[in-house]
Amino acid sequence: MHFQNAKIGKNQFWRYLLTIFISFICLLVFQVLFALPLIVQKQNLGIDNVTFQIMFKSFDFSLLQLSKTYILTMLLTPLALFFFVFAFLLKLIHKKPLLKVMTGRDRFHWRRVFIGFVTTVLLLSILNFVFLPHDIFTYQFDLDLFIPLFFVAIIVIPLQSTLEEVFMRGYLLQAFGLLFKNKMVSMVLIIILFTTLHFGNPELNDHFSNFAIQYLLISSVLGLIAVFDDGLEIPIGIHTANNLFLALFISVKGGTFTTDSVFQTTLEEIVLHDNLWLSALSSTILVALFFYIYKWKFSTLFSKPKGKAVLK
């Protein structure tokens, strides 16, 4: 099982600390390297440091006179590349294959990823184009701009989304399972941690309570499904679908994904029309649907994971 896979390999506490520390340093190096072209452009245009810092806080890089797809590439590629670095660290430090962090099954089930992906795209399409007013979306499709965005998105976003799931609801969830011997405690901690790590996203600058609750909802959905389904296949499909939908079909001006998508809306319109009850309803439908399809049991949440303690 997924939680029981935590005992595979070497799991002394110092190995987790070392992996997390090296992970942080490597990711920081990647981010600095991919920020260099933006810094060079900033200097070429004579943009001051304060304005540049505001750009990163708001994710509004229009003053740099660079394409939105180029900016997206510079921001997400570090996370995509780090996926491979983390897999290497996992094998090197924990002597544990990546598969054992991703699923409790003998093999990775791509069909579950596909079902999670398609279900999420359909649900997002219905919520946005049926329940929300059509006039809040601006049609901006430009084939010349969309083609490079499409190829960058389908390569970088699945890796970025998978990394977040593997690191948070795979690696850290298993670590907390060993530490606390309790699935519920481990899941709740990851839900809170995942939500907190997204507090730096620009949509929370002016609409904190609204979007913080939405991040908490999606984190809860992904956490529950990971525990119920004993693996990350469905959460990876959901996470990837959500991010690709925002990047390719309906981007949000002023949000994390401001791209040359087919449609665009604004944070203000989302806050005005996308009531929290709608987000809560869609989250409930998503969990209930997969609960029915895969015949999960509530008792899964309360069974204690087995394995040797992390603290040694």
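Asker: Please clarify how a nonpolar patch on the surface should be interpreted in this entry.
Answerer: Together, Phe 21, Phe 24, Ile 25, Leu 28, Val 29, Val 32, Leu 33 and Leu 36 give the surface a local cluster of nonpolar side chains, amounting to about 730 Å² of exposed area. A relative accessible area of 51% places Phe 21 in the exposed class.

Asker: Which parts of the structure should I look at to understand the sheet that holds strand β1 (residues 138–139)?
Answerer: Strand pairing in a sheet relies on backbone hydrogen bonds. The paired strands run either parallel or antiparallel. Spatial strand order, β1-β3-β2: 3 strands in an open sheet with mixed pairing. The open sheet terminates on both sides in strands that have one partner only, identified here as β1 and β2 (250–253). Examined bridge by bridge, β1 and strand β3 (residues 263–266) share 2 bridges and lie antiparallel to one another. Paired with Thr 138 across the bridge in β3 is Gln 264.

Asker: Teacher, can you tell me more about the nonpolar core here?
Answerer: One broad rule of soluble globular proteins: the nonpolar side chains tend to lie buried together. Grouped together as the largest cluster of nonpolar side chains are 53 residues, with contacts concentrated most on Phe 86, Val 166, Tyr 171, Ile 225, Ile 238, Phe 290 and Trp 296. Take this core: its biggest share by element is 9 residues, from helix α6 (residues 143–180). Apart from the residues within four sequence positions on either side, Ile 225 is in contact with Asp 230, Gly 231, Ile 234, Pro 235, Ile 238, Phe 290 and Trp 296. Ranked by size, the runner-up nonpolar core spans 14 residues in total, among them Phe 146, Ala 153, Val 156 and Leu 248.

Asker: Sorry, what's going on with the environment of Thr 195 here?
Answerer: By the element assignment, Thr 195 lies in helix α7 (residues 183–197). C-alpha separation for the pair Thr 195 and Pro 158, spaced 37 residues apart in sequence, amounts to 20 Å. A distance of 2.8 Å separates the side chain of Thr 195 from the backbone oxygen of Ile 191, its partner in a polar contact.

Asker: Mind showing me how you'd approach the packing of helix α5 (residues 110–131) against helix α12 (residues 276–294) here?
Answerer: If you want to describe how two helices pack, look at the angle between their axes and the distance between the axes. At a minimum axis separation of 11 Å, α5 and α12 run at an interaxial angle of 150 degrees. For the element pair α5 / α12, the angle class is roughly antiparallel. The hand of the α5/α12 crossing is right-handed. Note on element contacts: α12 touches α5 through Leu 278, Ser 282, Leu 286, Leu 289, Phe 290 and Tyr 294, opposite Arg 112, Ile 115, Gly 116, Thr 119, Thr 120, Leu 123, Leu 127 and Phe 131.

Asker: Mind showing me how you'd approach the pattern of salt bridges here?
Answerer: Where charged atoms of side chains with opposite charge meet at close range, the side chains can pair. This structure, assessed with the given rule, holds 5 salt bridges. Note that Asp 229 is salt-bridged to Arg 105, the shortest N-O span being 3.1 Å. Of this pair, Asp 229 sits in helix α9 (residues 208–229) while Arg 105 sits in the loop between α4 (99–102) and α5, and the two are 124 residues apart along the sequence. When its relative accessible area of 3% is taken as the criterion, Asp 229 is described as buried. Because the salt bridges share partners, they merge into one network encompassing Arg 105, Arg 112, Asp 229 and Glu 233.

How each quantity is defined
- Residues numbered from 1 in each chain as written.
- Predicted model: local features only at pLDDT ≥ 70, side-chain atom pairs only at ≥ 80, totals over all residues.
- Heavy atoms only, no water.
- Patch = residues over 30% accessible without salt bridge, like charges linked within 9 Å, V, L, I, M, F, W, Y side chains within 5 Å.
- Areas by Shrake-Rupley, 256 points an atom, 1.4 Å probe, with all protein chains shown as cover.
- Salt bridge = Lys/Arg side-chain N within 4 Å of Asp/Glu carboxyl O.
- Buried < 20%, exposed > 50% of the residue type's maximum accessible area, 1.4 Å probe, protein only.
- Pairing = 2+ DSSP bridges.
- Helix = DSSP H or I, 4+ residues; strand = E, 2+ residues; numbered from the N terminus.
- Core = buried A, V, L, I, M, F, W, Y, C linked by side-chain atoms within 4.5 Å.
- Contact = heavy atoms within 4.5 Å.
- Polar contact = N/O pair within 3.5 Å; in protein donor to acceptor, adjacent residues only side chain to side chain.
- Axes fitted to C-alpha atoms, helices over the stretch in contact; angles between N-to-C directions.
- Parallel < 35°, antiparallel > 145°, perpendicular 65-115°, else oblique.
- Left-handed = near helix turned anticlockwise from the far one by under 90°.

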